[in-house]
Amino acid sequence: DAISLRLIHNFSGTSGPFGGGPGGGGGRRGGRGPRNNINLALNWARSSSTIENPFPSLAGAAGTQGLNASARWVYGKGRITNTVGFTYNHNHLATTNLYSGVNDVAGSAGITGISTDPFNWGLPGISFNTYGGFGGPIPSRELDQTYTASEGLVWSRGKHAWRMGGDYRRIFQSFRSARNAEGSFVFTGFATSEYLPGGPQPVADTGNDFADYLLGLPQQTSLQSGTSAYNFRANSFDFYGQDDWRILANLSLNLGLRYEYNGPYTEADNHIANLDVSPGYTNAVPVLPGQTGPYSGTFPNSLVRADRNNFGPRLGLAWKPLKQTVVRAGYGINYNLAQYGVFVRNFAFQPPFAITATNVSDLASPLTIENGFPQSPPGTITNNYALDPNYRLPYVQIWNVDMQRQLSHG
């Protein structure tokens, strides 16, 4: 389902979108008075789908809902046109399986140590060496919201057309996910092992991963459970300036510079964690927002220090050396501003706010499906995500040169 509404009102009463008669041409030249109009838009869409699976018990459903509302005011007089805009974006995504909030199927099967939250109910993940594994849809809810305010100014003077402006964005991301709350089991045919020099070594095995599954003897289990709801927020803004300079009738130059600041995310309750890693990666210490680590100093609430050096130049050239030949060239730097959104989710679901463990079966305490997540199993590994707090956003440089030649017919 989708609904779209749009309202455009021209206060100056001219017939063109920017005033000045048909097409607004006279207004753009500055000869027919001010241009003054407002543009309001609203777009809403909703979709739902069924998640099918060869195994009917692994089916589920997914749904999305999106809303975009914007208001823009354009005012121009003479050679100057100013645009002010506000935008609100709202996106909601949901995924569920057949069991969430309905049936504790894993608990009823006797599996202990897993999440008891009804939202997380579902089937555990099963992996084999020689067969395809299986796992049901993971229940999740996500709400992304962005508030944007922007302003842009266009000023034409002589051979120059200046453009300048900026944007400010307030970003919210809230999500709830079961992640790996019902656990994952790996069957390899080596049901039990013990730690010997060089790593885990098989001691007793059936030699067949599916046989281990039928016996209920996994070689490895993993779990990520506990805190399931997070509320992230961040600030972002940019400024830009650009000059379209028509040097000659057959030569124009475009010069611009853009500055972008994309603040790293913080969590409303500071329920994120990182590792402060020593030089040479010889040691690592868990750190929380605002804490001081032994190697990197005090960590901000975002656990990552903001990258404030994101300057992006823009250069463009258009040259017509011959009547039917045009040469164009350009250069620019673009930054990957989405990286912080990826990192903050890796900071989530970490101790001490969540339980994360990887257990390997051994001869003294073999793992079973029912007892795959003991409280203090041998070989438990705490999984923390480590990121350098001085991480800098990656960027790409784009160079472009092309020539166009109009060929005469015949």
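The sections below set out a description of the structure shown in this document. (Residues numbered from 1 in each chain as written. Predicted model: local features only at pLDDT ≥ 70, side-chain atom pairs only at ≥ 80, totals over all residues. Heavy atoms only, no water.)

### Quick word on the side chain of glutamine 173
Within the fold, glutamine 173 resides in strand E7 (residues 160-177). Overall, glutamine 173 belongs to the buried group, its relative accessible area being 15%. Only 3.4 Å separates the side chain of glutamine 173 from the side chain of tyrosine 265, close enough to count as a polar contact. (Helix = DSSP H or I, 4+ residues; strand = E, 2+ residues; numbered from the N terminus. Buried < 20%, exposed > 50% of the residue type's maximum accessible area, 1.4 Å probe, protein only. Polar contact = N/O pair within 3.5 Å; in protein donor to acceptor, adjacent residues only side chain to side chain.)

### Topic: the environment of proline 394
Inspection of the secondary structure puts proline 394 in the loop between strand E21 (354-360) and strand E22 (395-405). Relative accessible area serves as the criterion here: at 33%, proline 394 is assigned to the partly exposed category. As a C-alpha pair, proline 394 and glutamine 339 span 55 residues in sequence and 8.4 Å in three-dimensional space.

### Describing the packing of aromatic side chains
Evaluated as defined, the whole model comprises 24 aromatic pairs. With a centroid separation of 5.6 Å and 50 degrees between ring planes, the pair formed by tyrosine 335 and tyrosine 395 is classed as tilted. Within this pair, whereas tyrosine 335 is found in strand E20 (residues 325-335), its partner tyrosine 395 is found in strand E22, the two being separated by 60 residues in sequence. The exposure class assigned to tyrosine 335 is buried, which follows from its relative accessible area of 15%. You can call tyrosine 395 partly exposed: its relative accessible area is 47%. Aromatic pair phenylalanine 343 and tyrosine 391: ring centres 4.8 Å apart, planes at 85 degrees, arrangement edge-to-face. (Phe/Tyr/Trp six-rings, centres within 6.5 Å; stacked < 30°, edge-to-face > 60°.)

### Here we look at a nonpolar patch on the surface
A surface patch of nonpolar side chains, about 340 Å² in accessible area, is lined by Ile80, Trp155, Trp162 and Met164. With respect to the helices and strands, methionine 164 occurs in strand E7. (Patch = residues over 30% accessible without salt bridge, like charges linked within 9 Å, V, L, I, M, F, W, Y side chains within 5 Å. Areas by Shrake-Rupley, 256 points an atom, 1.4 Å probe, with all protein chains shown as cover. Salt bridge = Lys/Arg side-chain N within 4 Å of Asp/Glu carboxyl O.)

### So, the sheet that holds strand E11 (residues 220-226)
Here we have four strands laid out as an open sheet, ordered E5-E8-E11-E21, and mixed in their pairing. Of all strands in the sheet, those with a lone pairing partner are strand E5 (125-128) and E21, marking the two edges. Averaged over all neighbouring strand pairs, the angle between strand axes comes to 10 degrees, with direction disregarded. Across four bridges, E5 lies against strand E8 (residues 180-187) in parallel orientation. If you follow glycine 125 over to E8, its bridge partner there is serine 184. (Pairing = 2+ DSSP bridges. Axes fitted to C-alpha atoms, helices over the stretch in contact; angles between N-to-C directions.)

### Notes on unusual backbone geometry
Geometrically, the link from proline 351 to proline 352 is a cis peptide bond, its omega value of 5 degrees lying close to zero. Residue placement: proline 352 occurs in the loop between helix H4 (339-347) and E21. Even without being glycine, asparagine 270 reaches a positive phi, approximately 60 degrees. Residue placement: asparagine 270 occurs in the loop between strand E14 (266-267) and strand E15 (274-277). For leucine 303, which is not glycine, the phi torsion reads 65 degrees and is therefore positive. Structurally, leucine 303 is set in the loop between strand E18 (297-298) and strand E19 (311-322).

### Overview of the pairing of E19
Pairing between strand E13 (residues 251-262) and E19: nine bridges, direction antiparallel. Bridged to arginine 258 within E19 is glycine 312. Across seven bridges, the pairing between E19 and E20 is antiparallel. Among the inter-strand pairings, leucine 315 is bridged to a residue of E20, identified as tyrosine 331. Counted between consecutive antiparallel strands, the loop separating E19 from E20 contains two residues.

### Notes on the pairing of strand E4 (residues 80-97)
The pairing of strand E3 (residues 60-77) with E4 spans 18 bridges and is classified as antiparallel. Its bridge partner being in E4, alanine 69 is matched across the sheet by tyrosine 88. From the end of E3 to the start of E4, which pair antiparallel, there are two residues, and glycine 78 there has a positive phi angle of about 65 degrees.

### Some words on the nonpolar core
Phe232, Tyr265, Tyr340 and Tyr391 are the most contacted members of the largest nonpolar core, which totals 20 residues. Broken down by secondary-structure element, the contributors of at least two residues to this core are E7, strand E12 (229-248) and H4. Among the elements that make up this core, the one with the highest residue count is H4 (four residues). The residues touching tyrosine 265, leaving out its near neighbours within four places in the chain, are Ile171, Gln173, Phe232, Arg233, Ala234, Ser302, Tyr340, Gly341 and Val344. Core analysis: the second largest hydrophobic core is formed by ten residues, Ile111, Ile114, Ile126 and Phe185 among them. (Core = buried A, V, L, I, M, F, W, Y, C linked by side-chain atoms within 4.5 Å. Contact = heavy atoms within 4.5 Å.)

### With respect to the environment of serine 184
Looking at the element boundaries, serine 184 is found in strand E8. Put simply, serine 184 and leucine 123 are 61 residues apart on the chain and 9.3 Å apart in space, counted from C-alpha to C-alpha. Apart from the residues lying within four places of it in its own chain, the contact partners of serine 184 are Gly125, Gln220, Thr221, Ser222 and Phe373. A polar contact is formed between the side chain of serine 184 and the side chain of asparagine 180, at a distance of 2.9 Å.

### Remarks on the pattern of salt bridges
Under the definition given, this model contains seven salt bridges. The residue glutamate 260 makes a salt bridge to arginine 258 at a minimum N-O spacing of 3.1 Å. Glutamate 260 gets classed as buried once you look at its relative accessible area, which sits at 12%. Here arginine 392 ties to aspartate 307 by a salt bridge, and the two come within 3.9 Å at their closest N and O atoms. Of the two residues, arginine 392 sits in the loop between E21 and E22 while aspartate 307 sits in the loop between E18 and E19, which places them 85 residues apart along the sequence. By relative accessible area, which is 40% here, arginine 392 ends up partly exposed. Using a relative accessible area of 3% as the deciding quantity, one classes aspartate 307 as buried. Residues joined by salt bridges that share partners form a network here, namely Arg169, Asp238, Arg258 and Glu260.

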